[in-house]
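# Residue-level structure breakdown
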Amino acid sequence: MVLDFLRRGNEAAVPEVKASAAGPVIAHMSAGRVAWTPRDTASLTKQGFISNPVGFRAVKLIAESVASLPLVLQDAQTRFDEHPVLNVLAAPNPSQGRAELIEALVGQLLLSGDGYLECVCSESGLPAELHVLRSDRIRLVPGPDGWPVAYEYSVGSKKHMFDVTGEVSPICHIKSFHPQDDHYGLGPLQSAAQAFDVHNSASRWSKGLLDNAARPSGAIVWNASEGQGNLTAEQYNRLVSEMESNYQGARNAGRPMLLEGGLDWKPMGFSPSDMEFQKTKEAAAREIAIAFGVPPMLLGIPGEATYANYAEAHRAFYRLTVLPLAIKTAAAIGRWLGDWFGDPVQLKPDLDQVPALAAERDAQWNRVANAEFLTVAEKRQMLGLPPIVPDENDDV
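Rules and cut-offs
- Residues numbered from 1 in each chain as written.
- Predicted model: local features only at pLDDT ≥ 70, side-chain atom pairs only at ≥ 80, totals over all residues.
- Heavy atoms only, no water.
- Pairing = 2+ DSSP bridges.
- Helix = DSSP H or I, 4+ residues; strand = E, 2+ residues; numbered from the N terminus.
- Axes fitted to C-alpha atoms, helices over the stretch in contact; angles between N-to-C directions.
- Contact = heavy atoms within 4.5 Å.
- pLDDT = per-residue confidence, 0-100.
- Salt bridge = Lys/Arg side-chain N within 4 Å of Asp/Glu carboxyl O.

This part takes up the sheet that holds strand β7 (residues 158-163). Read from one edge of the open sheet, three strands run β5-β6-β7, paired in antiparallel fashion. In this open sheet, the two edge strands, each paired with only one partner strand, are β5 (138-142) and β7. In this sheet, neighbouring strand axes are inclined to one another by 25° on average, regardless of whether the strands run parallel or antiparallel. As judged from the six bridges shared by strand β6 (residues 148-155) and β7, these two strands associate in the antiparallel manner.

This is the structure we're talking about:
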């Protein structure tokens, strides 16, 4: 188990290995995580997930939807009801079931662009437990040819090195596409970082106005005394300094002003409604929803009329966001576990059991079933079913 390394000593250095001829030309873009200064994974998670309701709901909605999909396992000939891969996934570790494991894995993939699974083997050398590793704690170690030779997992000052140069890697690394990094993925949280800044700043500004009685903005007017037409340079600089330090920014929004002789406050009448902070927040929320691939209607964001109704938005959400992510994740897990058990299998979502796609699947089944020019084998192939294997006892 990954936490066992806290009780272990330092691992030996990972040996160098040969790899693809194209490996040496891979650029070493960064020594650690993707360089988003200062957009590191921990800060983005706090800003865009923990502290933002739109990001929180988008991640939870996608991760829970992917985790709830039923999975099927098959090879070129058979769809399995019992298989070691299914057994490991059904009870991956003592504290998680299949749905909890996949939800955590997809959540990490959405937050950072990278998802990591660790395989803990039994005495027989076969997978016994699966654990999701926090992506902000992992650093990929490239070899001299540019390809990964190890993953370094750090907790405080303690580190553990996972050697991935063997026949089967103890780490399954699933990553989103990143056009400028060879080793790490690009998550929607990173693309929506500016929208999170706007949304969070608008929320803090509104809170500041409420804390200070929501007083509107205005202007300071100086009533000059006789013989004095303008403020002196010292008076002007002092006034500007006090304005910047005491009355500007979301923290001081609406704060009452203390004015000296000759200065007068003229309200301009700009309320939060006039300044359109609510519309700014809604626009930022829509950008966040777009980055995650969630129809704004499903997040309760007003002003979105892209889809005719909720059912249509829900179907588009599954078709365009949930299913592609579920297919990619399941395929990577199935291929990885299949290598451990020496069995080339395919793990994928069972589309016939997705309620949001029931109408589409019924139409497809009817269309294929009524196609008289297709053979039974061709129909099964079109529906994603394995071919029928004749029984040895059947008459030839």
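Further notes follow.
In this section: the side chain of serine 65. Note on placement: serine 65 falls in helix α2 (residues 53-68). Here serine 65 is in contact with Phe317, Tyr318 and Val322, once residues within four sequence places are set aside.

What follows is about the confidence of the model for the chain. Any residue range with low pLDDT should be treated as having predicted coordinates unsuitable for detailed reading. On average, the chain scores 79 in pLDDT, and the residues at 70 or more come to 73%. The model gives residues 17-37 a pLDDT under 50, and that stretch makes 42 contacts with residues more than four places away or in other chains.

Turning next to the pattern of salt bridges. Counted under the stated rule, the structure contains five salt bridges. The partner of lysine 60 in a salt bridge is glutamate 103, and the shortest N-O contact between them spans 3.2 Å. With lysine 60 in helix α2 and glutamate 103 in helix α4 (residues 98-112), the pair connects residues that are 43 residues apart, well separated along the chain. For arginine 134, the salt bridge goes to aspartate 136, with nearest N and O atoms at 2.8 Å.

Read across the open sheet, the three strands follow the order β2-β1-β11; overall the sheet is antiparallel. Single-partner strands in this sheet number two, and they are β2 (79-80) and β11 (346-349). Inspection of the sheet shows strand β1 (residues 71-74) paired to β2 by two bridges, in the antiparallel sense. Counted as the bridge partner of leucine 73 is phenylalanine 80 from β2. Against the sheet, helix α9 (residues 310-341) makes contact with β1 and β11, and its axis sits at roughly 155° relative to β11, the strand it touches most.

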